[in-house]
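# Understanding the architecture of this molecule
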Amino acid sequence: MLDLVEQYGSKGAVVVLGNHDAAAMGRSDDALNRNALAAVDWTRAQLGPRQREFLASLPLTVAEDDFLFVHASAAAPGQWIYVSGPREAAESIDAGGAVYVFSGHVHEQKLYYTGTSGRPMLFRPVPGTPIPTSKHHRWLAIVGSAGQPRDGNNAACYALFDTERERVTFFRVPYDFGAAMRKIRAAGLPDRLARRLERGL
Amino acid sequence: MTKLPETGSVIDGFRLGEMIHAGSMATIFRLTGDEGPLPLVMKIPRLGPGERAVNVIGFEVCRTVLGAVAQSRHHPTLVAYGDVETTPYLVMEHIDGVRLDDWLGRAPMPPEEIARLGTAMALALSDLHRQDVVHLDLKPTNVLFRSNGEAVLIDFGLAHHGHFPDLLAEELRIPLGNWVYMAPEQVLGVRCDPRSDIFALGGILYELATGRLPFGHPATVAELKRRFYRDPVPPRTLVPSTPPWLQEIVLRCLEVDARDRYASAREIALALSTPAEIPLTERGSRERRAGLPTLARRRIRAARFAPAPCPPPSTEPQVMRVVAVAISPQEVNEALRVALRDAARSAIAADPGCRIACITVVPPAATLSGVGEENSATGRHINRLIELRGWAKPLELPEERVTYHVLESDKPGAALVDYVRMNDVAHIVIGAPAAGTLPWRFGGAGAQVVGSAPCTVTVVRPRSEG
């Protein structure tokens, strides 16, 4: 998986560091629970020098034109703040200084947008519907989790932004979570990590 | 600053013709030249220094909503649009029709005409609502009627589409939209309730019926909020010839709490097109507004008015799903009547919220000639209704869950298919001819319904006939 991401990165894809990546590199993270720590320990054991080097090279944020990419909140990228409401969204949008902020960390697909008052409002996207996102507003898109969706739907999440037509589309795609569950169990990781994939929790 | 567009200007290849509207938010031009199959207009928002920010957002909203709704006869088709930064415009179908406000001078109108216009408007609203769109600016200047009677809703600058972020959902200092027809919840900033459009429709029907506005012309927010507790003067008090059914429909649309109004525009279309069938309540016969004690009580309650939660999206088709049962006239086959009733029972068990529409088709009145009350056209019509009621009685459905319809037509099959289409029927139950007999019951109507009704069709045959 990591090698695949590295491949994409070498072809110009934007890759930013996430909290689990940082933890696997040995930076302590108090927010992680026992199960997550078990996964982190497993991951650490799998990493070779090349992968470590790749993870170490990852930036916390990438800013390009009107875009800012960050794993958690742009207000303090290394502190892994959850953008869980309009207040956190406002902080991230303000700190990001871009028209569009794309982030993850929160596993559900969400789109925050500001109107004339500047206060961000929450919209829950309808998968597959392209949303016009003009530059008159500021936008914070939480694209959702590809590997561990948590909204009760086990389909993986991703989003595409069309720079030409200025619109964002959120997607959900079914994937073989059964295979992922078998691999988790085969690796001897906590069963809960496998079970949650099936239920999307 | 680009120069203002005028007749003769060319924008992105479109040549502007006559200016047909100059409003506070936009100007509208006819387009000249042969651009294609549709006559077109270009709407250019008033953007720029000194103009309101809401104009920009209204433009974006209009573009998003019109671009997303399915093409339909009930709103203009969006053909092209320009960039909001450089050349903002919308090119849309030009609707050749009469604007409702041109007819307001004729109010009070005859009830039959109000029913016709109201049905058309309700069907247009229903077409939007089933796509999770709420218009939120329904008023006579935003409704056009095509020459065939269909209503077209225009100006989606304040609309809400459930599939897109609502750019107008802000803590607005001043309620956005037309205050005359605005629903109470909309005054408080709720933008996701299709029943707000139903309130506005009620306001329009009130105006057509009485020539007066239900809540006057509020000039301040405080005056606007009087509708939270002050009920309108009953239409029958102003125009005594108003039938109770019309007053019932109008006042139900104008209920303060959205939950007390019709749940869907589709139900209003049905009520207006079958006025004799609607259950009348105290609303229909009300003669005066609420007295002082009631008013005082309501006013105290209004201070804590909490709008009803918006209904969940995409549910309108499920609100009162209609199951139609076609019961052929002169039905003598009791076994089939029982079998049809059993099929209706199954449908009710499968969807306890559904409405059963009992239908029978009779030849048009003109071909009926008879002597005496029971042989006259009206007499026979009434007899059919009694038969239908008799059939439905054992189902023991509450009054609002069952309706009776005597359709007059020479072509029963076509009449049933039309009924299914017009009323968004989800499921129709029809009787099969006895096995081995010809022709089909309804003279081939059954085959036609199976062949072309846009819904589920159940063909019922009693076991004993097998």
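Numbering of residues begins from 1 in every chain and follows the order in which that chain's sequence is written. Whichever chain is written first is A, and whichever ligand is written first is 1; the rest continue in order. The model is predicted, so local features are restricted to residues of pLDDT at least 70 and side-chain atom pairs to those at 80 or more, both for listing and for counting; the totals for chains, interfaces and linings are taken over all residues.

## A word on the overall build of chain A
Along chain A, the regular secondary structure elements total 7 helices and 9 strands. Atoms counted for the radius of gyration: C-alpha only. Globule rule: 2.2 Å times the number of residues to the power 0.38. For 201 residues, the compact-globule formula gives about 17 Å, and the C-alpha radius of gyration of chain A, at 17 Å, lands near that figure. Dimensions of chain A along its principal axes, counting C-alpha atoms only, are 50 × 35 × 35 Å. Taking all 201 residues of chain A together, 27% fall into the buried category. The contacts in chain A between residues at least 6 apart in sequence include a share of 56% that link residues at least 24 apart. Each helix is a run of H or I in the DSSP string that is no shorter than four residues. Each strand is a run of E no shorter than two, and both are numbered from the N terminus. Burial in this document is a count-based property: other C-beta atoms within 10 Å of a residue's C-beta are tallied, and the residue is buried at 20 or more, exposed at 12 or fewer, or partly exposed in between, with C-beta positions derived from the backbone. What counts as a contact here is a pair of residues whose C-beta atoms, placed from the backbone, lie within 7 Å.

## Thoughts on the packing of helix α4 (residues 195-210) of chain B against helix α7 (residues 244-253) of chain B
All names here are of chain B. Axis lines are fitted to C-alpha atoms, over the contacting stretch for helices. Their N-to-C directions set the angle, which ranges from 0 to 180 degrees. Viewed as axis vectors pointing N to C, α4 and α7 meet at an angle of 140 degrees, and their least axial separation amounts to 7 Å. The angle between α4 and α7 falls in the class oblique. Considering how the two elements wind past one another, α4 and α7 form a crossing that is left-handed. Each of Ile198, Phe199, Leu201, Gly202, Leu205, Tyr206 and Ala209 in α4 lies in contact with α7, whose residues at this interface are Leu246, Ile249, Val250 and Cys253. Residue polarity follows a fixed list, in which Ala, Val, Leu, Ile, Met, Phe, Trp, Tyr, Cys and Pro are nonpolar, Asp, Glu, Lys and Arg are charged, and the others, Gly among them, are polar. Broken down by class, the residue content of the contact of α4 with α7 amounts to 10 nonpolar, 1 polar and no charged. Angular relationships are summarised with four words: roughly parallel below 35 degrees, roughly antiparallel beyond 145, roughly perpendicular across 65 to 115, and oblique for the angles in between. By convention the crossing between two helices is left-handed if the near helix lies anticlockwise of the far one by an angle smaller than a right angle, and right-handed if it lies clockwise.

## A word on the interface of chain A and chain B
Interfaces are frequently sized by the accessible area removed from exposure as the parts join. Residue-level contacts link 14 residues of chain A with 12 residues of chain B. Among the elements of the structure, β4 (110-114), β5 (120-123) and β6 (131-132) of chain A are those that each provide at least two residues to the side of chain A that touches chain B. For the side of chain A that touches chain B, the residue count by class is 7 nonpolar, 7 polar and no charged.

## Structural notes on the pairing of strand β6 (residues 90-93) of chain B
Residues and elements named next belong to chain B. Two elements, strand β4 (residues 40-45) and β6, share 4 bridges in a ladder whose sense is antiparallel. Bridge pairing in β6 places Val41 opposite Met92. Where strand β5 (residues 78-81) lies against β6, 3 bridges are found, and the strand directions are antiparallel. Counted as the bridge partner of Tyr81 is Leu90 from β6. The pairing criterion is simple: DSSP has to find at least two bridges between the two strands.

## Details of the domain arrangement of chain B
Residue and element names in this part refer to chain B. Just so you know, the domain bounds were taken from an automatic or database domain assignment. Domain assignment breaks chain B into domain 1 (10-93), domain 2 (98-302) and domain 3 (318-465). Its C-alpha centre places domain 2 at a distance of 33 Å from the equivalent point of domain 3. Contact residues are listed per partner, giving 8 residues for domain 2 and 9 residues for domain 3. When the residues that make up the side of domain 2 that touches domain 3 are grouped by side-chain class, the tally is 3 nonpolar, 2 polar and 3 charged.

## With respect to the packing of helix α2 (residues 111-129) of chain B against α4(B)
All names here are of chain B. Between α2 and α4, whose axes approach to 11 Å, the crossing angle comes to 165 degrees. It follows from the interaxial angle that α2 and α4 lie roughly antiparallel. Once α2 is placed against α4, the crossing between them reads as right-handed. Between α2, through Ile114, Leu117, Gly118, Met121, Ala122 and Leu125, and α4, the contact on the second element is made entirely by Asp197, Leu201, Leu205, Leu208 and Ala209. The residue makeup of the contact of α2 with α4, split by class, is 9 nonpolar, 1 polar and 1 charged.

## Let's talk about the domain arrangement of chain A
Residue and element names in this part refer to chain A. Entries for chain A in the domain assignment read domain 1 (1-59) and domain 2 (60-201). Computed from C-alpha atoms alone, the centre-to-centre distance between domain 1 and domain 2 is 18 Å. Split by residue class, the side of domain 1 that touches domain 2 holds 8 nonpolar, 3 polar and no charged.

## Some points on the sheet that holds β6(A)
All names here are of chain A. Pairing within the open sheet is antiparallel, and its 3 strands lie in the order β6-β9-β8. Strands with a single pairing partner mark the edges of an open sheet, and in this sheet they are β6 and β8 (156-162). Judged from the 7 bridges that link them, β8 and strand β9 (residues 167-173) form a sheet pairing that is antiparallel. Looking across to β9, one finds that Cys157 is bridged to Arg172.

## As for the confidence of the model for chain B
Residues and elements named next belong to chain B. Looking at chain B as a whole, its pLDDT mean stands at 86, while 89% of the residues score no less than 70. Mean pLDDT in chain B bottoms out at helix α12 (residues 377-392), which sits at 82, and peaks at α4, which reaches 98. Taken over the whole predicted complex, pTM reads 0.74, whereas the ipTM for its chain interfaces reads 0.79. Scored between 0 and 100, pLDDT is the confidence that the predictor attaches to each residue.

## Side note on helix α8 (residues 265-273) of chain B
Residues and elements named next belong to chain B. With 8 of 9 residues buried, α8 is to be regarded as a mostly interior element. Looking only at α8, the buried set comprises Ala265, Arg266, Glu267, Ile268, Ala269, Leu270, Ala271 and Leu272. Of the surrounding secondary structure, the elements contacted by the buried residues of α8 are α2, α4 and α7.

## Regarding the nonpolar core
Residue and element names in this part refer to chain B. Note on definitions: a nonpolar core is a set of buried residues drawn from Ala, Val, Leu, Ile, Met, Phe, Trp, Tyr and Cys, linked by C-beta atoms within 7 Å. Residues Leu201, Leu205, Cys253 and Ile268 are the most contacted members of the largest nonpolar core, which totals 83 residues. With 10 residues, the single largest contributor to this core is α2. Ile359, Val417, Ile430 and Ala445 belong to the second largest nonpolar core, which has 35 residues in total.

## Some remarks on helix α13 (residues 412-422) of chain B
Quick reminder: α-helices carry 3.6 residues per turn. Residues three or four places apart thus point the same way. Residues and elements named next belong to chain B. Listed in full, the buried residues belonging to α13 are Pro412, Gly413, Ala415, Leu416, Val417, Tyr419 and Val420. Next to the buried residues of α13 lie β12 (322-326), β13 (355-362), β14 (402-408), β15 (427-431) and α14 (445-452). Of the residues trailing α13, Asp424 is marked for its positive phi of about 55 degrees.

## A look at unusual backbone geometry
Between B:Ala107 and the following residue, B:Pro108, the backbone shows a cis peptide bond with an omega angle of -5 degrees. With respect to the helices and strands, the residue B:Pro108 is situated in the loop between β7 (98-99) and α2. Positive phi is not limited to glycine here, since A:His105 has a value of about 70 degrees. Note that A:His105 resides in the loop between β3 (100-103) and β4.

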